[in-house]
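Structural features, examined
Letter by letter, the chains look like this.
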Amino acid sequence: MIRADLFNIATSGVNASSQLLNSTSNNIANVNTEGYVRERTVFESTTLGGVGRGTTERVISIFAQNQLRRDTTSVGELETFVEKTASLDNLLAGEANSIANGLSEFFAAIQTASDDPTNLASREAVLGKATSMVARLNSISDFMEAKEEELNLEFTSQVERANSLITNIGELNVAIVTAKGGSNSEPSALLNERDKAINELAELMSIEVRENQFGASVINLSSGESLVLENGDFNVFELGNDADLNFKELQLATHFNSQTKSETAININEASVGGSLGGLFRFRDEILGPAQRDVGQIALAMADAVNSQNKLGMDLDLQLGGDIFAIPEFTGLNYTGTPDNLPVSGRIIPGQGSDITDADYKITVDAVNGSGYPTSVTLTMINSDGTPKKLADGSDAIFPSIAINAGYNDLPGGIQIEFQSASGHSVGNEFLIQPTKYVASDIALATERPEDLAFAAPIRAEASLSNLGDAQVKQVTVSNTVVDAALGSEASAFNGAGGIHNAANAPGGTVGAPAQIVFTSASDFQVLDAAGAVITNVSGVTDYDNLLAQAEATGSGPAWPAAFSALDDYPGYDVSLSGVPVPGDSFNLTYNTDGVADNTNAEVLAGLQREGLVQLSADSSNKTRTFHDAYSSLIGRVGEKTATAEISLEAAEAMKVQSETWFDSVSGVSLDEEAANLVRYQQSYAAAARILTTAQDLFDTILSVVR
Amino acid sequence: MRISTNQIYDQNIRAIMENQKQLTATQESLSTGKKLNRPSDDPVGAASVVRLTEQLDKITQYQRNNDLLTNALEEQEAVLNNMSESLRRARTLVVQAGNGILSEEDQGAIGKELEQIRNEVLDLMNTQDASGNFIFAGYQSQQQAFTFNPAASGNAITFSGDSGTTSVKLSDSVTVQRSSSGLEVFENVFARHNFSVTGSSAGANVTTAKVAEQGTFDQFFDNNYDAVTPANNNYQLEVLGSGQVQLTNLGTSAVVGAVDFTSGEPFTIKGMTFTVNATVGETVDFSLNTPEKKNVAETLNDIANQLMDDSLNGDALESALADALVGLDNGMETINLERSSLGGRLNIAESIYETNLDLELTAKDAKANIVETDYAEASTEFAKQEAALSAALATFPRVSGLSLFDYIG
């Protein structure tokens, strides 16, 4: 019947227009809602006439959405990386904290003091500059340590955020599948919620999203591990650590909450995480870790170089010099699997500060003896992120089968270690030693007394007044001042009481340390001790440099004492002459008693600034650099990484703007368009309502005809 | 392409923020005067700046070293100049004292004046610098370099320092000696070479034996003195039958020379003059004296005492005056050598100072190029960015104010 049809048609038309107005109003109202995708109502036509079923669907392009999500991840990673690196960049920019300035001022103060070594005010100035240099090292290292703590807190908070997002998405999945099954319209609000959560997650890490046939999203990390599973299950992130408690590692754990099965966790490769979380890990492994260790390496090399050189001199108290800087010892960290009651301690080998690298040391026990004490270990030098360092030929820096005895054992790279526990070790125990990571925070001055600066040389060489030739003392070099009454392999000729060994104290017991050189001709000389006993005769001399070394090499009748050669560096001093001696000329070598105006050692101390004392790589056949070179290369590296990251961030942001534009152009609400639609649907609503009136009129007409 | 409402606002806001960011960056470089404010602004430049700053700091320190060195050297130069003056005056006096017509009172008066000069010279040798260090004491600068003990049995003037010298670095590769030790400058002065007759055979009678030509004798001495084998310093004069006297070295048995001989008449051989009464076969033994080093103040002390000693005259006085003259000459020569060394060092210091100034200028220039803002360039940038920002701000209300809702209903 037409009237019934007309009424139906009219009703369906009004309903349709009403629905259209509804969705348009929804769009207008939600123009500022974040994550809102505009909706469109679509109608089918029916064979019976009128408007068929209408479905409201979101206007969205999956491709635009995926592109936007990928770009969000890139921007998230670079934004975090740039923000963190820029703070380090700013720190290194400041003059107040500059280590280079501290070093320059320290060495300049030594030069000034070297002009008048007895002046206490100049010496105080040297100690003052040393204090300020140590303060700068401390403050840079403390800042980076604080950054590390901050980083760990951020890891924790981001991981928690990621976990809550994952949980949320899982729950939304369940809700969406249920809602889809119940009606033929999409649950747009839920879908928008889920998309918003996924985008937030994408900012944190790099993910892949797939939708299954029921409408649930399945989310994986880009490297394949699943985060959100189909039926609403999910896995959560955890932070673990191995030996170094401050070095967090990312893991993915199951979340069954089962009463029969316990949860398991797998390791995630932090380098492929991407997003903000990946940016944090990248900052830690590429910038912060190496920078901490570089600063520590400079600090150790400088402190050891100054200490060693000071010990080769004589201070204002007329004693052999001691340490100027107090270098802390370090304790080893045990890897999981190694019992905690097996401590290992380490320290730098005094005098070998230029061998120290910026590597961490991983020590694996190869073999133990019967009582559980290690006899051989393997050393792996690792980067700050745990990967092995590479040698010059590209192979890993692994040093197997290093013999271990009781006490401190030397390792390659300037470190010595001692296993504290006499028993309980087993093969496979692993220990981590980080010599350079925090050491710059703990370096301090070992003395406050300006008299302890050893500016004079401990040995003085004098031409006898009765010499007839014109030979002069050109240089006195001191290479060893270790005082050891037991005459171990490191002993020198200094007896620690203001003199050198006499015959009774010297190795071999027959002659004392060299104290006099007498020339019997222009090319022959004799070496005698302080008592006048002949140590050796040397002939065929052509140059007058390092006479004692020449005596050791070519002395004969008698030869240089074997007991002297058996030690590493005895007597520990040498003398060079300029000019030509005539027969009878003699030169005396004595302890430099009262020789406090001597600035020989001060000049050498000041010259440390120009010497290459910082190791370049883990390789033993390598080049060393000066302190300033090492620091400037650190600054250059941090600056360059920041600059590159800033450029990459700009590029990524530009790409994100493009994808946002694409996405918005498909799914964004345009108020003008909706305004026009409002007018249109109002009209169609009025027109459809008019059909009803017409149908009613027709019915009234029929009724009036019948009456 | 379809434009959504949010896009319009987002795009405008983004443009405004971007312009503001660039404007702020330019403003920072204008107000700090530096275009390198943090290492990321120019990483390679930042690394270079560290090295350039180190070089500049080093040069500043080297210039300071140079000033201190120049002061020290000039102080030493003044002392040695004064000393040279005094010694020249002393030499004149000694020559005057050799004039035969002077009476003993006159000689005594000269001796008194030489005493005063001795005191002045000793004083100069013990000069202290501004910090109280004795500049000629070597490394033991806290104690007085030269002490004078007139009652001592040996030398009245003793040196209690050492031969240490200090140096100062004026540049990376140049080290210049700063101080000299009194041992080298004052003590390492040869006294007059001499010989002494040790014996003669029974019939020989030596009336004079002295050095007449010091130059010839010094040459003979330098060539023949043996410090290793003392026996080689003993010589013998033998009267030969041929009317000559032969000089042989007793240690090596080598014949050194021969001259004509007449008994009782003076003869000169190798600068030594002898008057001997002897017959053929007679011998006279003498040996070369061990060469002595004598401080120039000690020389003055000796001659002053000798002149004031009335009992000294004749050959002994002549010998004493010869000793004093040679001692003073040798002393002045050593001092003059030191003065020319000082002059040379002062010249080097000045030359290095100039070089360092040039190097400093070059380094500063290089650093300024990396670090400092080019104001012309930066101001232009600033104007450009300011214009862009004003345009973005001005167009924002116009674009965002257009809406269909204003026109319907």
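Residue numbers restart at each chain and count upward from 1, following the sequence in its written direction. Each chain gets a letter, beginning with A, and each ligand a number, beginning with 1, in the order they are written. With pLDDT at 70 or above as the cut-off, local features in this predicted model cover only qualifying residues; side-chain atom pairs require 80 or more to be listed or tallied, and sums for whole chains, interfaces and linings still use all residues. Side-chain descriptors were evaluated using all non-hydrogen atoms of the structure, hydrogens and water having been removed beforehand.

By the naming in an unreviewed UniProt entry, chain B is Flagellar hook-associated protein 3, taken from Alteromonas confluentis. The heading Sequence similarities (unreviewed entry) in the UniProt record of chain B holds the text "Belongs to the bacterial flagellin family." UniProt positions are given in the numbering used here, feature names are shortened, and annotations may be inferred rather than shown by experiment.

What follows concerns the overall build of chain B. In terms of regular secondary structure, chain B is built from eight helices and twelve strands. Over its C-alpha atoms chain B spans a radius of gyration of 42 Å, topping by over 25% the 22 Å that the globule rule assigns to 409 residues. In terms of overall dimensions, chain B has a C-alpha envelope of 160 × 50 × 30 Å along the principal axes. Partly exposed describes any residue whose relative accessible area lies between the buried limit of under 20% and the exposed limit of over 50%, with all areas from a 1.4 Å probe on protein chains only and scaled to the type maximum. Out of the 409 residues in chain B, the part that is buried amounts to 44%. Of the contacts made within chain B by residues no fewer than 6 positions apart, 66% connect residues no fewer than 24 positions apart. For accessible areas, the Shrake-Rupley method is used with a probe of radius 1.4 Å. Any residue's cover is judged against the shown protein chains and nothing else. Summing over all exposed atoms, chain B offers an accessible surface of approximately 19,900 Å²; the carbon and sulfur share of this is 50%. Taking the 27 positively charged and 55 negatively charged side chains of chain B as two groups, their mean positions are separated by 15 Å. Segments assigned H or I by DSSP are reported as helices when at least four residues long, segments assigned E as strands when at least two residues long, and all are numbered from the N terminus. In this treatment the radius of gyration is a C-alpha quantity, and the globule benchmark scales as 2.2 Å times the residue count to the 0.38 power. For this analysis, residues touch if any pair of their heavy atoms sits within 4.5 Å. Counted charges follow a simple rule, with Lys and Arg positive, Asp and Glu negative, and His plus the chain ends left uncounted. Charged side chains are reduced to one point each, which is NZ for Lys, CZ for Arg, CG for Asp and CD for Glu.

Let us now look at the environment of Gly 203 of chain B. All names here are of chain B. Relative to the assigned elements, Gly 203 resides in the loop between β5 (195–200) and β6 (205–211). A relative accessible area of 41% places Gly 203 in the partly exposed class. Residues contacting Gly 203, with those up to four places away along its chain left out, are Asn 277, Ala 278 and Glu 282.

The subject of this paragraph is the interface of chain B and chain A. Contact with chain B, which involves 56 residues of that partner, is made by 69 residues of chain A. Both sides of the chain B and chain A interface together cover about 4,900 Å² of buried area, and 53% of this is carbon and sulfur. Counting the surface chain B buries against chain A, the share from its top three residues, Arg 2, Tyr 139 and Phe 405 of chain B, is 14%. For salt bridges, the criterion is a side-chain nitrogen of Lys or Arg within 4 Å of an Asp or Glu carboxyl oxygen. Joining chain B to chain A, the criterion identifies six salt bridges. The salt bridge involving Arg 610 of chain A is made with Asp 172 of chain B; its shortest N-O contact spans 3.5 Å. The term polar contact refers here to a pair of N or O atoms within 3.5 Å; inside protein, the definition further demands a hydrogen-donor-capable atom paired with an acceptor-capable atom, and it admits residues adjacent in sequence only when both atoms are side-chain atoms. The tally of links from chain B across to chain A stands at 31 residue pairs in polar contact (both at pLDDT 80 or more). Of the residues forming the side of chain B that touches chain A, the biggest block, 14 residues, is contributed by helix α2 (residues 43–97) of chain B. Only Asp, Glu, Lys and Arg are considered charged, only Ala, Val, Leu, Ile, Met, Phe, Trp, Tyr, Cys and Pro nonpolar, and every remaining residue, Gly among them, polar. Grouping the constituent residues of the side of chain B that touches chain A by class yields 20 nonpolar, 21 polar and 15 charged. Two parts lose some accessible area (1.4 Å probe) when they are put together, and adding that loss for both gives the buried area.

So, on to the UniProt feature "domain: Flagellin N-terminal" (unreviewed entry) in chain B. According to UniProt, the positions carrying the feature "domain: Flagellin N-terminal" (unreviewed entry) are residues 3–140 of chain B. Regarding residues 3–140 of chain B, the helix share stands at 76% and the strand share at 0%, and the terminal C-alpha atoms are separated by 90 Å.

Time to look at the sheet that holds strand β12 (residues 283–288) of chain B. All names here are of chain B. Sheet architecture is open: five strands sit in the order β5-β12-β7-β8-β9, paired in antiparallel fashion. The sheet terminates laterally at β5 and β9 (255–260), the two strands that pair on one side only. Ignoring which end each strand starts from, the neighbouring axes of this sheet average 25° apart. Strand pairing is assigned whenever DSSP detects at least two bridges linking the two strands. Looking at chain direction, strand β8 (residues 244–249) and β9 are connected through five bridges and run antiparallel. What sits directly across from Leu 247, in β9, is Gly 257. Under this scheme, a helix contributes an axis fitted over its contacting stretch, all axes are lines through C-alpha atoms, and angles between N-to-C directions fall in the 0 to 180 degree range. On the sheet, helix α5 (residues 214–224) packs against β5, β7 (234–239), β9 and β12 and is oriented at approximately 75° with respect to β12.

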